Amino acid sequence: MAKIIERPQYFRSLLSWKDRADIIKIITGIRRCGKSTMFKIFQKYLLNNGILSSQIQEINFEDADYSDLLDWKKLHEYVKSRLIADKMNYIFLDEIQNVFEFERAVNSLRLRDNIDLYLTGSNSKILSGELATLLSGRYVTIQMFPLSFKEYISAYPFANAAKDDIFNDYLRNSGFPYTIQMTADKNPLLTTDAIWDMEQIRLFLKGLFDTIVLKDIVERKNVKDVSRLMRIIKFMFDNIGSETSVRNIKNMLETEGLKIDAATIESYLDGLLDAFVMHKTNRYDIKGKQHLKTNAKYYVADIGFRYFLLGREGDVGHILENVVYLELLRRGYEVSIGKIKELEVDFVAVKNGSVEYYQVAQELSDKTTRERELKALDAIDDHNPKFLLTMDKFFKEEHKGIKVLNALDWLAE
């Protein structure tokens, strides 16, 4: 049996809303990032703290055993018929977006004061349309991601490994929790004699990618030409951290002899965002204090996923930038790309009204690179914290209030 990786950040979030029957808890995130396992962890906590198994109902709508419940009326009756009348009931509905008109069942169930309701969804559209209208102000969302580097270290199966080696495996093998179990171990204790089963990892990532493309993008967006969609996905994966627009995607396809209209490209990009395969961040004018609508950047949900599809590492600087971006999201920041005069700051991170600035560089050993990276942060004349993250191990200093930190140490905090 695979070891369950504890995800304390998400567990604490769920626990903080426990027994708030008036608030529906919704966990969203890319497939196989750990949403269902989080339900298991939380259910185990309930059972260990006086809750009876009869008070817990769990339904995974990707399990064929529950195919009859994909109609909202049948689901509603099924859950209602199993409620314990004089106790709180904990209802876990996994991949709820598969249920036709699920909003109706959810809205009705949440009206009962003895139901504590938890949902997961692998598509952001579960929070749009009728559900958002019916449940306005009555739900909270917890977005899950694949493992952070810190979580990956905690579950890493090889003893005494250097942090750099762990990070390389994190980038190549992915942060999807299931892949960290895939070792062809020579030693049952999983010491350094064990090795990764790369074929298993590749097959897992292929199956996951195919499922996301077919179920979450092709079916939902009614894609007619999957080859064009795949070309766009590869282009987006290859251009993480670069300014991207519908226009330059269209130009790229046309140079390859592929005709496609702008609306179709926008639909495909929306599909990637809806399925949490990619994340989009817009630019922010630091001096003018306003968001800019042009030249957004996109980052992939997991670098290992990108490595699987493209078969190569690519620009190490942009890869590190991608990892830092995801970590900021995990830590609860709203993230934008900063513009100050003609310079760019990689990330403007805002949380609870506080602002922090981040610049990311692979290395700073070159004086020209160091001056370029520091210049953008120097141009900001406010007193909010400024950080320069680098893979350099021995380059740590503070420059005019800018903290220069090792990126792996920062990620592992």
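Note: the structure precedes this text.
What you see is a predicted model, and the numbers here were worked out from it, not measured in a lab.

Chemist: Even after reading the chapter, I still don't get the layout of surface pockets, so can you show me in this structure?
Modeler: Space left empty within the atom packing is revealed by a probe, the size of a water molecule, rolled over the atoms. Considering only enclosed or pocket space, the largest pocket measures out at about 680 Å³ in volume. Lining the largest pocket are 27 residues, with Arg32, Gly34, Ser36, Thr37 and Tyr178 sitting closest to its centre. Among the secondary structure elements, those contributing two or more residues to the lining of the largest pocket are α2 (35-48) and α8 (198-221). Per element, the largest residue contribution to the lining of the largest pocket is five residues, and it comes from α8. Among the residues making up the lining of the largest pocket, the classes are represented as nine nonpolar, eight polar and ten charged.

Chemist: Looking at this structure, how should I read the side chain of asparagine 406?
Modeler: Of note, asparagine 406 is situated in strand β16 (residues 402-406). Looking at asparagine 406, the relative accessible area reads 6%, which means it is buried. One polar contact links the side chain of asparagine 406 to the main-chain carbonyl oxygen of aspartate 392, over a distance of 3.1 Å. Side-chain polar atoms of asparagine 406 contact the backbone nitrogen of leucine 408, separated by 3.1 Å.

Chemist: I keep staring at the sheet that holds strand β5 (residues 139-143) and nothing clicks. Help me out?
Modeler: What holds strands together in a sheet is hydrogen bonding between their backbones, with the strands either parallel or antiparallel. Read from one edge of the open sheet, five strands run β2-β3-β4-β1-β5, paired in parallel fashion. Edge positions in the open sheet fall to β2 (56-60) and β5, since each of these has one partner strand only. Here the average twist between neighbouring strands, direction ignored, is 15 degrees. Two strands pair when backbone bridges link them, and strand β1 (residues 24-28) and strand β4 (residues 115-121) are joined in this way by four bridges, in the parallel orientation. The residue bridging isoleucine 27 from the neighbouring strand is threonine 120, located in β4. Here helix α1 (residues 8-16) sits on the sheet and contacts β1, β4 and β5; the angle it forms with β5, its principal contact strand, is near 175 degrees.

Chemist: Teacher, can you tell me more about the packing of α1 against α2 here?
Modeler: For any two helices packed against each other, one specifies the crossing angle of their axes together with the interaxial distance. With their axes 10 Å apart at the nearest point, α1 and α2 run at an angle of 55 degrees to one another. Viewed along their axes, α1 and α2 adopt a mutual orientation that is oblique. The two elements α1 and α2 cross, and the hand of that crossing is right-handed. Contacts from Tyr10, Phe11, Leu14 and Leu15 of α1 reach α2 at Met38, Ile41, Phe42 and Tyr45. Looking at the contact of α1 with α2 residue by residue, the class counts come to eight nonpolar, no polar and no charged.

Chemist: When you look at the pairing of β5 in this model, what are you seeing that I'm missing?
Modeler: Residues Val140 and Ile142 of β5 are buried on one face, while the alternating residues Tyr139, Thr141 and Gln143, pointing to the opposite face, are not. In terms of strand pairing, β1 meets β5 through five bridges, oriented parallel. Of the residues in β5, the one forming a bridge with isoleucine 24 is tyrosine 139.

Chemist: Explain empty space enclosed by the protein here, please?
Modeler: Enumeration according to the criterion identifies one cavity of 30 Å³ or more in this entry. By volume, the largest cavity amounts to about 60 Å³. Among the elements that line the lining of the largest cavity, the one with the most residues is helix α13 (residues 316-330), at three residues. Here the lining of the largest cavity is built from residues that sort into five nonpolar, no polar and two charged.

Chemist: How should I be thinking about the side chain of threonine 244 in this particular structure?
Modeler: Note on placement: threonine 244 falls in strand β8 (residues 243-244). The exposure class of threonine 244 is buried, given its relative accessible area of 5%. Within the structure, threonine 244 has its side chain in polar contact with the backbone oxygen of serine 242 (distance 3.0 Å). Not counting chain neighbours up to four residues away, the residues in contact with threonine 244 comprise Phe235, Met236, Asn239, Ile249, Asn295, Ala296 and Tyr298.

Chemist: Would you mind going over the pattern of salt bridges with me for this structure?
Modeler: Close approach of charged atoms allows side chains of opposite charge to pair. Within the structure shown, the criterion is met by 25 salt bridges. Between arginine 172 and aspartate 169 there is a salt bridge, and its shortest N-O distance comes to 3.2 Å. With arginine 172 and aspartate 169 both in helix α7 (residues 163-173), this residue pair falls three residues apart, about one helical turn. Look at arginine 172 and you get partly exposed, because its relative accessible area is 31%. With relative accessibility at 12%, the residue aspartate 169 sits in the buried group. Salt bridges here are not isolated pairs; linked through shared partners, they connect Arg31, Glu62, Lys215 and Asp216.

Chemist: Help me understand the packing of aromatic side chains in this model?
Modeler: The description of an aromatic ring pair uses the distance of the two centres, along with the angle that the planes make with each other. For the structure shown, the criterion picks out 25 aromatic pairs. Taken together, a centroid distance of 5.9 Å and an interplanar angle of 50 degrees make the contact between tyrosine 152 and tyrosine 156 tilted. Considered together, tyrosine 152 and tyrosine 156 belong to a single accessibility category, that of buried residues. Here the aromatic cluster, defined as three or more aromatic residues joined through ring pairs, consists of Phe149, Tyr152, Tyr156, Phe158, Phe167, Tyr170 and Trp196.

Chemist: I tried to follow unusual backbone geometry on my own but got confused; where do I start?
Modeler: Glycine aside, the phi torsion of most residues is negative, and most peptide linkages are trans. With a phi angle near 70 degrees, aspartate 19 is a residue other than glycine that sits in the positive phi range. Its location among the elements puts aspartate 19 in the loop between α1 and β1. We classify aspartate 19 as partly exposed; its relative accessible area is 34%. Even without glycine at this site, glutamate 101 takes up a positive phi of about 55 degrees. When you line up the elements, glutamate 101 lands in the loop between β3 (89-94) and α4 (102-109).

Chemist: Would you mind showing me how to read the environment of phenylalanine 145 here?
Modeler: Looking at the element boundaries, phenylalanine 145 is found in the loop between β5 and α6 (149-155). A sequence separation of 117 residues divides phenylalanine 145 from threonine 28, and the C-alpha atoms of the two residues are 8.8 Å apart. Contacts of phenylalanine 145, omitting those with residues within four sequence positions, involve Arg7, Tyr10, Cys33, His279, Leu326, Leu329 and Arg330.

Rules used throughout
- Residues numbered from 1 in each chain as written.
- Predicted model: local features only at pLDDT ≥ 70, side-chain atom pairs only at ≥ 80, totals over all residues.
- Heavy atoms only, no water.
- 1 Å grid on protein atoms, 1.4 Å probe; cavity = no way out; pocket = protein on both sides within 12 Å on 5 of 7 lines; lining within 4 Å.
- Points joined across faces, edges and corners; volume = space filled by probe spheres on them.
- Helix = DSSP H or I, 4+ residues; strand = E, 2+ residues; numbered from the N terminus.
- Nonpolar A, V, L, I, M, F, W, Y, C, P; charged D, E, K, R; others polar.
- Buried < 20%, exposed > 50% of the residue type's maximum accessible area, 1.4 Å probe, protein only.
- Polar contact = N/O pair within 3.5 Å; in protein donor to acceptor, adjacent residues only side chain to side chain.
- Pairing = 2+ DSSP bridges.
- Axes fitted to C-alpha atoms, helices over the stretch in contact; angles between N-to-C directions.
- Contact = heavy atoms within 4.5 Å.
- Parallel < 35°, antiparallel > 145°, perpendicular 65-115°, else oblique.
- Left-handed = near helix turned anticlockwise from the far one by under 90°.
- Salt bridge = Lys/Arg side-chain N within 4 Å of Asp/Glu carboxyl O.
- Phe/Tyr/Trp six-rings, centres within 6.5 Å; stacked < 30°, edge-to-face > 60°.

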